[in-house]
Amino acid sequence: MCGIVGYVGDNYDISVVVEGLKRLEYRGYDSAGLACVNIDNSINSKNEIKYCKSVGKVGNLQQKIFQEYPNLIAADSNFKSNQQLNVIAHTRWATHGEPSTINAHPHLDTSEKFAIVHNGIIENYENLREHLIAQDFTFKSETDSEVIANLISYCYEGDFFAAVASAVKKLQGTYGIAVISTEKPDEIIVASKGSPIAIGLRENDKIIASDVVAIAAYTKQVIYLSDDDIAIVTSNNIEIRNVDNVVIEREKKTLDWDIESVSKGEYAHFMLKEIFEQPQVLANSVRGRYNLDLATANLAGLNLTAQDIVRLNRIVIAACGTSLNAGLLGEYYFEDLAHIPTEVDQAAEFRYRNPIIEVDSLVLAVSQSGETADTLAAVNEAINKGAIVAAICNSVGSTIARRCGRGVYLHAGVEVSVASTKAFTCQSVVMLLMALMFGRCRRLNQQTGQDLIAEIIKIPQLVEEVLAQSDEIHRIAKKYVKCCNFLYIGRGYLYPVALEGALKLKEISYIHAEGYHAAELKHGPIALLCEDTPVMALANKMPGKDKVIGNIQECLARKAPVVVTATKNDADIEKLAVDDVIWLPEASVYTTPIITAVALQLFSYFVALERGCEIDQPRNLAKSVTVE
Ligand code: M6R
């Protein structure tokens, strides 16, 4: 979704912000823009804000800057100061108002003294806007964000910080903002509430961003703002205060990953790279987290004692999209292995349905990005209700991880492709480890624990074997490129995998795909079956396989083409007259869902590739959904 980048320092080149915006492209956006303060030192002249915005890719913005400000790179450019560069930039994912140049950020106040970029949603913008219009402020865009620029201007009485502080006090909703002003051309003020802002630290300049991916190429030292923090950032200083002007210290963090890991390398797409990374990242997720002698998992970040675990009376998993599907798989693990009643909530519903949460309830927020607005709202609700709340996140230092204060990181590395792949399998394996740990505290004997660890350790090798089928899966995928609908069916542990397989196919290939419990077929979806509607049936050797075979027969009887995922050498499947079989290695009930998901990721990838889709950034989608 929207992305913020800013730079203050003595490097006159805007490439830091343009590169930063490009690094944020993976998050999804529809327009981009930047603004800076042009300092004029001549007598009787005044500073002014220059800006440039365009619809579409950052490349379009870059071109427009070069057309409108041909000397941009030169130190005497009229776009920026020859003393210092102070620039804020943004990629917008439209919420209020269509993607257009006017709606793109930055937004300026009526007097053009202030420019802002904003991530998040201002819920009370209509009231504020009416109030400001009555005070003769004017508005150009349809956005909620523009109100912030005019509000700061309205609150300005000669003190830039005080104006931002009193403006944000009036905002309801979420914001990550960066503000520049002609009045203080050497400062960027940033503020955050429910929408992240990080500041990259260098000696003579500072880079701000809503996602550290835009910073990592320049520095590994960052400070994350917490909710209600406001920071005055200059080239050689950062001062953080709260809205009441009290100075606050925030710890410096070191980014522990390399920017190289955020490049495609030899792969055509990030998605393919991330699918192929899975043996490695799954090993990372598991490494150092089990103890064979004690036959259990070590997940110290959960900060739960054995007594806490024994007392747990319920687990509630809150998540969205692919993370929700991983949560559904987690439900099977927790109930089977630890016998803890588990329910999975669409995070957006969690706080509106008044969930039953008690002190011994564990709420797990599962989120790759750790920034998903609905999941964050669920976390806040669970904390307010007094639950133990833990995060399963990939992005280190993300808002959800920090808000929960306990949890397990995936160690999957940055996931760039909008379609989540490695996060799903790592989330699943982390929940499997957690179920093992809980199970050992509550009911599993040592032998069962050791057997399970042996299976978990084998996952990376099993995934390698699935990846070795890539060419064959590509061959099969080519046959289904022209279809418009696809049904995915599975039972038991493979039911969440059917949902995830269908989600993956629809989001990157734009083929309408739905996942169903195989038993549900007869209760409605079977009406869709015909020779143009293929079915992906998950029929690996698992409990319920025979029933899935029955469902496959029902599909074949209605002339639907059927693709099956099956366990190698399964004679029952060999006998079936299905169209295609994706043969997968023999694995346990706990690990089969994970490896089957990998096969379905490859299938979706190849279908999308053959259809010529824009795989890494599918239309309308954003990598992290930071608005509700
Ligand atoms: O970052 P999160 O895991 O919280 O994101 C949740 C969903 O937005 C995400 O999984 C989305 O469904 C992906 N595009 C799926 O590939």
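Everything that follows concerns the structure shown earlier in this document.
Residues numbered from 1 in each chain as written. Predicted model: local features only at pLDDT ≥ 70, side-chain atom pairs only at ≥ 80, totals over all residues. Heavy atoms only, no water.

Asker: Give me the site of the ligand: which residues, what numbers.
Answerer: As a structural note, the neighbourhood of the ligand is formed by 14 residues, with S323, S367, S369, T372 and E507 the closest of them. V418 has a polar backbone atom sitting 3.1 Å from a nitrogen atom of the ligand. Taking 410 Å² as the accessible area of the ligand by itself, protein coverage stands at 92%. Mapped by element, the contributors of at least two residues to the shell around the ligand are α9 (321–338) and α16 (494–509). Among the elements that line the shell around the ligand, the one with the most residues is α9, at three residues. Of the residues assigned to the shell around the ligand, the class counts are four nonpolar, eight polar and two charged. (Near = heavy atom within 4 Å. Polar contact = N/O pair within 3.5 Å; in protein donor to acceptor, adjacent residues only side chain to side chain. Areas by Shrake-Rupley, 256 points an atom, 1.4 Å probe, with all protein chains shown as cover. Helix = DSSP H or I, 4+ residues; strand = E, 2+ residues; numbered from the N terminus. Nonpolar A, V, L, I, M, F, W, Y, C, P; charged D, E, K, R; others polar.)

Asker: I'd like a rundown of unusual backbone geometry, residues and numbers included.
Answerer: A cis geometry characterises the amide bond from H105 onward to P106, with omega recorded as 0°. Following the sequence through the fold, P106 ends up in the loop between β4 (85–92) and β5 (107–108). Of note in this structure, D136 is not a glycine but carries a positive phi near 75°. In this structure, D136 sits in the loop between α3 (125–134) and α4 (146–155). Classification of D136 by relative accessible area gives exposed; the value is 67%. The phi angle at Y510 is positive, at roughly 65°, despite the residue not being glycine. Looking at where Y510 falls in the secondary structure, it is placed in the loop between α16 and β24 (512–517). (Buried < 20%, exposed > 50% of the residue type's maximum accessible area, 1.4 Å probe, protein only.)

Asker: Could you give an account of the pattern of salt bridges, with specific residues and numbers?
Answerer: Scanning the model with the defined rule gives 29 salt bridges in all. Between E277 and K422 there is a salt bridge, and its shortest N-O distance comes to 2.7 Å. Taken together, the residues span a long stretch of sequence, with E277 in the loop between α6 (270–276) and α7 (278–286) and K422 in helix α13 (residues 422–442) at a distance of 145 residues. Between K623 and E415 there is a salt bridge; the shortest N-O distance is 2.6 Å. Of the two residues, K623 sits in the segment after α19 (592–610) while E415 sits in the loop between β22 (407–409) and α13, which places them 208 residues apart along the sequence. The buried category is assigned to K623, whose relative accessible area is 12%. (Salt bridge = Lys/Arg side-chain N within 4 Å of Asp/Glu carboxyl O.)

Function cannot be inferred from these measures alone, as they are strictly geometric.
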